[in-house]
Amino acid sequence: MTWFKNASLSVKFILLALLLLILFLITNVGLLIYSTQSFTNEIGNERIQEAVAIAQTSLSDARTQISNDTNNLAADITFFQAVGRRDIEEVQDIILGTNLGREIYTVEVFDGDGNILFENTGKTDAHILPQSLDQSAESSLLIQEVDGEFLVSISVAVPIVSVTGNVLGAIRVIHHIDEGFLQMLISQQQDVFAGLIYQSRLIVESNPLPEIEIDEQALSQNEVVYTETFKSSGTPYLGAYLPLGDEQAALLMLVDLSGLYGFQNTILNNSALVFLLILTLTVGLIYFALYRIVINPIDRLNGIAQEMTSGNYARRIPVDNHDELGKLAATFNLMADAIQQREESLLTATENAERSNQVKSAFLASMSHELRTPLNSVLNFSKFVARGVMGPVNEKQTDALNKVINSGKHLLNLINDVLDMSKIESGSLTLFVEDNIDIKQILDTAVSTAEGLLQDRDSVELKTEIAETLPIITGDRKRMLQVVLNVVSNACKFVESGHVSIAAKTTPQAVLIQVSDTGMGIAPEDHEAVFQPFKQTDTGLRQGGGTGLGMPISKSLVEAHGGRLWFESERSKGTTFYVEFPLESSLVVTT
């Protein structure tokens, strides 16, 4: 057996494979497999066609129901009288008394000017011109994008017309194609799944669907397109694409054929039992040989590899022979030596990097303190001289001293930014927490600052939309003001014409501050640089100011309060920054 032990691994597997092939070639399983497969495919085709027919019927019934209910409500005399009077409460009561009052519908009622009069979810700012609508009340497909996600719905919109023919308004009813809607389409059929596809992406599922590659060509067809049988994670499926009237939207119906395939496999397994007695002895001998030759060495290699993964890099594999597995073991040992050396080098480099970072942060903090003290003295003495405390000064001297003061203030701000950044990086930033922060006072200060920054720019308008009452929250008053002032001053700095808007409102979980401008905007490739220290966008560089620390510091300060800072921007259209401070804070009040 020495020759067999030292033979190549391929020779060993070939000998074992030949033994298995000789046994299997004497069987006539191919015909049986073909027959059972044909039978399974025929039954599968009938099931997917039945599922498609049920779905089409249910979808048609749903469209008809929405159209009828909408038309009946629009023609109701008490309803169009309430709309004519713009009586929101009566409109709501009438809607709740109809089928359209169910939670599955979104109902929007518009007045004669197309403005929203009533909406049962309170989340729309839609505008519909009633005079432009057809009175047929036919359903259509409505595509909406909400928070970056697409919603596909069945929509019916009709004008509300009085008995004299006057157009009083309009009503639109929306039924979202969601999980519940899809489950209604499949009517609780066993092993049937439905999904909604839009723009070649699965956006709604009746139940978790298997992974499937969307057939884009099928989406563009105006008729039902059936798929071939495919497998996902070992489970066989048949599918069909149902058009919805939009070339980018379709319903995907899937039928799980695992039951049918199980029946097919049962037939094959029963047939295979005839050969089990013949194969048992052969398989046992093959397994014994494989275990001794392949499995046991591989298990040993795997065990040592797991020990190395746990950090024991000193373990090595004994090399017992010179076949492929022996060569693999020797190569593995060489690799382990290299990994051990690299791990030791990496640990050393990591420790050095951590020490360097700590030294850098400590140096920056120390130098910032050392620079601020003499700089404050320079600023104070300059102010004294400019005010004539130390003797009279002429106009040129005053102008020169004011330039010194302004430059000194700018330098002091830069030093403070560097100090804040070093504290943030070293994790030593502390907040002076109070539980009586009036966010409206902070916003009033920011508005006053914006007015001062924009006073010389007649082409820029300052708009405010701040809620009359904002809650008292917990946080560091100085740091929160620092964040808001930084965002507002950035908006003022980067706008040449148009407007700067400051808005604030209360959401269920937080106070949301929104600062918008109509400046040049931020290019998509520069979005990541906004919150990176010491980096500036192309727009910021053209403005010629700042160090690139304002936004990274502001983001860290907001997150230290448990909030969020983010932005939306489009080139040449402006930028909107959002600052969110939580209503319920985990910060402990400083005593």
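What you see is a predicted model, and the numbers here were worked out from it, not measured in a lab. (Residues numbered from 1 in each chain as written. Predicted model: local features only at pLDDT ≥ 70, side-chain atom pairs only at ≥ 80, totals over all residues. Heavy atoms only, no water.)

Student: I would appreciate a short explanation of the overall build of the protein in the present structure.
Tutor: Scanning the protein from terminus to terminus reveals 14 helices and 18 strands. With 591 residues in all, the protein has 37% of them scored as buried. Put simply, of all contacts in the protein between residues at least 6 apart along the chain, 63% involve residues at least 24 apart. For the protein, the computed accessible surface area is about 33800 Å², with 53% contributed by carbon and sulfur atoms. (Helix = DSSP H or I, 4+ residues; strand = E, 2+ residues; numbered from the N terminus. Buried < 20%, exposed > 50% of the residue type's maximum accessible area, 1.4 Å probe, protein only. Contact = heavy atoms within 4.5 Å. Areas by Shrake-Rupley, 256 points an atom, 1.4 Å probe, with all protein chains shown as cover.)

Student: Help me out: how do you make sense of the packing of helix α4 (residues 77-85) against helix α5 (residues 88-96) in this one?
Tutor: For any two helices packed against each other, the geometry is given by the interaxial angle and the distance between the axes. Close contact between α4 and α5 brings their axes to 8 Å; oriented N to C, the two are set at 155 degrees. With respect to each other, α4 and α5 are oriented roughly antiparallel. Judged by the twist between their axes, the crossing of α4 over α5 is left-handed. In this structure, α4 uses T78, F79, A82, V83 and R85 to contact α5, whose residues at the interface are E90, V91, I94 and I95. Of the residues assigned to the contact of α4 with α5, the class counts are six nonpolar, one polar and two charged. (Axes fitted to C-alpha atoms, helices over the stretch in contact; angles between N-to-C directions. Parallel < 35°, antiparallel > 145°, perpendicular 65-115°, else oblique. Left-handed = near helix turned anticlockwise from the far one by under 90°. Nonpolar A, V, L, I, M, F, W, Y, C, P; charged D, E, K, R; others polar.)

Student: Help me understand α4 in this model?
Tutor: Given 3.6 residues per turn, any residue in an α-helix points the same way as the ones three and four places further on. Those residues of α4 that fall on the buried side of the exposure criterion are F79, F80, A82 and V83. End-on view of α4: buried residues confined to an arc of 155 degrees, all on one side of the axis. Just past α4, the residue R86 takes up positive phi, approximately 55 degrees. (Arc of directions from axis to C-beta.)

Student: For this particular structure, what's the right way to read unusual backbone geometry?
Tutor: Note: most residues except glycine have negative phi, and most peptide bonds are trans. Backbone geometry places Q199, a non-glycine residue, at a positive phi of 55 degrees. Relative to the assigned elements, Q199 resides in the loop between β6 (192-198) and β7 (201-205). Here Q199 falls in the partly exposed class, since its relative accessible area comes to 39%. You will see that S572, though not glycine, has its phi angle at about 70 degrees, which is positive. Structurally, S572 is set in the loop between β17 (564-570) and β18 (574-582).

Student: Please clarify how the pattern of salt bridges should be interpreted in this entry.
Tutor: Close approach of charged atoms allows side chains of opposite charge to pair. One pass over the full model with this rule turns up 10 salt bridges. With a closest N to O distance of 2.4 Å, E559 and K555 form a salt bridge. A residue pair is termed a helical-turn pair when its members lie 3 or 4 positions apart in one helix, as E559 and K555 do in helix α14 (residues 550-560) at four residues. Classification of E559 as partly exposed rests on a relative accessible area of 43%. (Salt bridge = Lys/Arg side-chain N within 4 Å of Asp/Glu carboxyl O.)

Student: What exactly am I supposed to notice about the packing of aromatic side chains here?
Tutor: Any aromatic ring pair is given by two values, namely how distant the centres are and how the planes are angled relative to each other. For the structure on display, the rule yields five aromatic pairs. Note that R564 overlies the ring of W566, its terminal NZ or CZ placed 4.0 Å from the centroid. (Phe/Tyr/Trp six-rings, centres within 6.5 Å; stacked < 30°, edge-to-face > 60°. Lys NZ or Arg CZ within 6 Å of the ring centre and 35° of its normal.)

Student: What's the story with the side chain of H561 in this structure? I'm lost.
Tutor: In this fold, H561 is placed in the loop between α14 and β17. With a relative accessible area of 4%, H561 lands in the buried category. Dropping the residues within four chain positions of it, H561 is found in contact with L431, T474, G475, D476, R479, M480, F581, P582, S585 and L587.

Limitation: the analysis is restricted to geometry and does not speak to function.
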